[in-house]
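# Structural characterization, general
In case you want the letters, here they are:
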Amino acid sequence: MDRPDQELAELLDTLGARLSAVPPGALARLRDPLRALRDRLDAALDDLDQGPAPSLPAGKGEAHFRALLSDAIGCVSEGFVLFGADGRLVLCNDRYRAAYPLLSDHLVPGVRFADLLRVAVERGAAGDDLGDPSDWIAERLNRHTRSGPPTDHQLGDGRWYRISEHATRFGGVVKILTDITELKRHEEALADSEARYRRLVEMAPYGILIWDGLRVRFANRSAALILGSGDPEAMLRIPLVEATEFDGVQRLFDWLPPPGSGLEAPPPVEARFVTAQGALRELEVGIHPFTVGAFAVEGEAAWLLVLSDITGRKQAERAIQQAQKMQAIGQLAGGIAHEFNNMLTAIGGFAQMARRAPQDRPRVERCLTEIVKATERASGLTAQLLSFGRPGQTDAARPVRVGAVIDDLRRFLGPTLGERHPLRIAGTGGGAAVTIDPALLHQSLLNLVLNARDAMPEGGPITIAVEEPDDAGVTITVADTGCGIDPAVIDRIFEPFFTTKEPGAGTGLGLALVYSTVARAGGVVEVDSAPGRGTVFTLRFPAQGAAEEREADGPGLDDAFLLDAEDDEMEGLSMAATVLLVEDEAQVRDFIRLTLEDLGMRVVCAADGTEALRAYADHGGAFDLLVTDLVMPQVGGASVARALRRENPDLPAVLMSGYPPETESLDDLLADPMADGRRIVFLRKPINPDELADTIHALLI
């Protein structure tokens, strides 16, 4: 211990010992001197608490130290002010003064903080509508002396500051202002951006969902409206209906693979579901992955689902399709009515003419010939109508050499086209073959050639070319140099009964038959045309092997198709047999009955399937042949045939219908008709008497 400190300690001990020895009554006289001594000791102790004074150069004092401190705090970027315990300003830098432009001239050492508040009120810092300023001043005085966490404020210079207040050990206050204006701008920009994108997401016309594999983490307002629920748990329970895209799974979220499973995002799918309110909704669901490292939800992979409500669009599409369907049906019905009215006019007219002069045999024969022609035209029209849009090939489809068909067509059309429309064959494709009904291929090419002729009334060449077959298949082109097709109607040229020809010059079925024939063979039809530069039709068929050679010069079609020969009459055919005839149309039933009776057969007639089964039982099953229509009320012909053949497996049967056989399930009856003695055949209406006689003769003889 230093000598001065030792002396001070001895002095304190001596003073304490003497005071303890003084009687209590005598201490009253020492009260005032002791108080004065205490005050002086307190002051001395306060000086000791402030620490040793800095060493100053000789001749330098407090003023110099204050100048050094003021210069130091003036160099920092933060605002700085120090108020003493008495509330007076001790030290302030220029950065602090700049933050308070209304008070900058008063921010000088010695000014009291309360006086600064009064000046601020006088200069409008408290607002124009401030009544009694005392509360405002008192609140700020209280806040001034109470230290707390930093707070952010926009001060008089318009900039934002983070204000930190700290109490000193001697009752003073230090305030530090940190300029955070740029930080505030970035925060506001970020907040504006987040708010803008949130508004975009919330206002989006499509639903947005984020699903993490267990629960819906986010759903915007549109998603809640589309799904009929804003509850994420309820969303997971929404069942889908007719969800064929989901392999029978009844919930979209059950069908989705787990997020982050490494699987590629499924393509957009369509779904139908019923909301909690009972409304049927149709959705298109876009599925996008949120992957870790790109964008994830709390570090986990998730699915982003975009829901588009396509209910209205689907309803509009169905309405348009229905309207188009009705328009097509109307056009089709009008065309059919027109064609059949012409045929009925011919049939009825020639029948009336024959009835007026029955004794004129040549006249009657001519009338009957025209009636037969009209019925054949009607039969051909119905066959074409049934072929439109029917999937798959006909029973007559087989590999056909295209070159042979074109050669037949050239010989057939030569006299018809004449010298003004030469038919040029640019190539026959070698052994190119397609699987198709040869009659329909011939008719399709014939229709294209005749259309080409009609497009060149002044004459011009018609070119048919077959490219050498390759992996892509067989290509046939039919080209002309005529007037071309108007772009306004080119999309409709394959519609049945649509034609641009003059009334009576065409039925509008030619190109429809071409399209149907090629499509059923698995091919496509392409058209390249423009007004004034002609038209090229391109038929593309799937690749086939070369057709088997039937003969060295064998035609591509049966001679019966190409030659206009008379049908062989089955005169002299007579078959003694008992036939059960089942037909619900009385006129057709009478016609077939007469045909069978002309063949020498005994015929038992029934008007429907139920009557046929009863007649079979009444006659004890003593029938040699069943001839039945397929489409009848109550019990159809196929059911009759099956029932009777269960009773008599060897009973031959002729099945008749105006519909193609594939419209009914006849596989068990028609498969391998000559195998294991089935002897069942199908005839398409209208029935030709000679064809019926030939068929029955083959079954019974």
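Since the model is a prediction, treat every value here as computed from it, not as a measurement.

## Digging into the sheet that holds strand β2 (residues 89-92)
Spatially, the five strands line up as an open sheet ordered β2-β1-β5-β4-β3, and their pairing is antiparallel. Two strands close off the open sheet at either side, each with one partner strand: β2 and β3 (151-154). Geometrically, the sheet is characterised by an average inter-axis angle of 25° between neighbouring strands, direction not taken into account. Pairing of β3 with strand β4 (residues 160-167) involves four bridges; the strand directions are antiparallel. Each bridged residue has a counterpart across the sheet, and for Thr151 the counterpart in β4 is Ile163.

## Notes on the confidence of the model for the protein
Mean pLDDT over the protein stands at 76; residues scoring 70 or higher make up 71%. In the model, residues 1-8 has pLDDT below 50 throughout and makes one contact with residues more than four positions away in sequence or in other chains. Here residues 672-677 scores under 50 on pLDDT; set against residues more than four positions off or in separate chains, the count is six contacts.

## Description of helix α5 (residues 113-122)
The set of residues buried in α5 consists of Phe113, Ala114, Leu116, Leu117, Val119 and Ala120. Gly124 sits one or two residues past α5 and shows a positive phi near 85°.

## Description of the environment of Asp470
Within the element layout of this structure, Asp470 appears in the loop between β15 (462-466) and β16 (474-480). The exposure class of Asp470 is partly exposed, given its relative accessible area of 43%.

## A closer look at the pattern of salt bridges
Under the counting rule described, the total for this entry stands at 25 salt bridges. Between Arg95 and Asp179 there is a salt bridge whose closest N-O contact spans 3.4 Å. Taken together, the residues Arg95 in helix α4 (residues 94-99) and Asp179 in strand β5 (residues 173-179) connect sequence positions 84 residues apart. What makes Asp179 partly exposed here is its relative accessible area of 29%. Glu282 is the partner of Arg318 in a salt bridge, and the nearest nitrogen-oxygen pair spans 2.8 Å. Separated by 36 residues along the polypeptide, Arg318 in helix α11 (residues 311-356) and Glu282 in strand β10 (residues 280-290) bring together distant segments of the chain. If you follow the salt bridges from partner to partner, you end up with Glu270, Arg313, Lys314 and Glu317 in one network.

## Some remarks on the pairing of β5
Taken together, the five bridges between strand β1 (residues 79-83) and β5 define a ladder with antiparallel strand orientation. Within β5, the position partnered with Phe83 by the bridge is Val173. In this structure, β4 lies alongside β5, joined through seven bridges in antiparallel fashion. Bridge pairing in β5 places Tyr161 opposite Asp179. Hairpin connection from β4 to β5: five residues lie between these consecutive antiparallel strands, with Gly171 at a positive phi of about 95°.

Rules behind the numbers
- Residues numbered from 1 in each chain as written.
- Predicted model: local features only at pLDDT ≥ 70, side-chain atom pairs only at ≥ 80, totals over all residues.
- Heavy atoms only, no water.
- Pairing = 2+ DSSP bridges.
- Helix = DSSP H or I, 4+ residues; strand = E, 2+ residues; numbered from the N terminus.
- Axes fitted to C-alpha atoms, helices over the stretch in contact; angles between N-to-C directions.
- pLDDT = per-residue confidence, 0-100.
- Contact = heavy atoms within 4.5 Å.
- Buried < 20%, exposed > 50% of the residue type's maximum accessible area, 1.4 Å probe, protein only.
- Salt bridge = Lys/Arg side-chain N within 4 Å of Asp/Glu carboxyl O.

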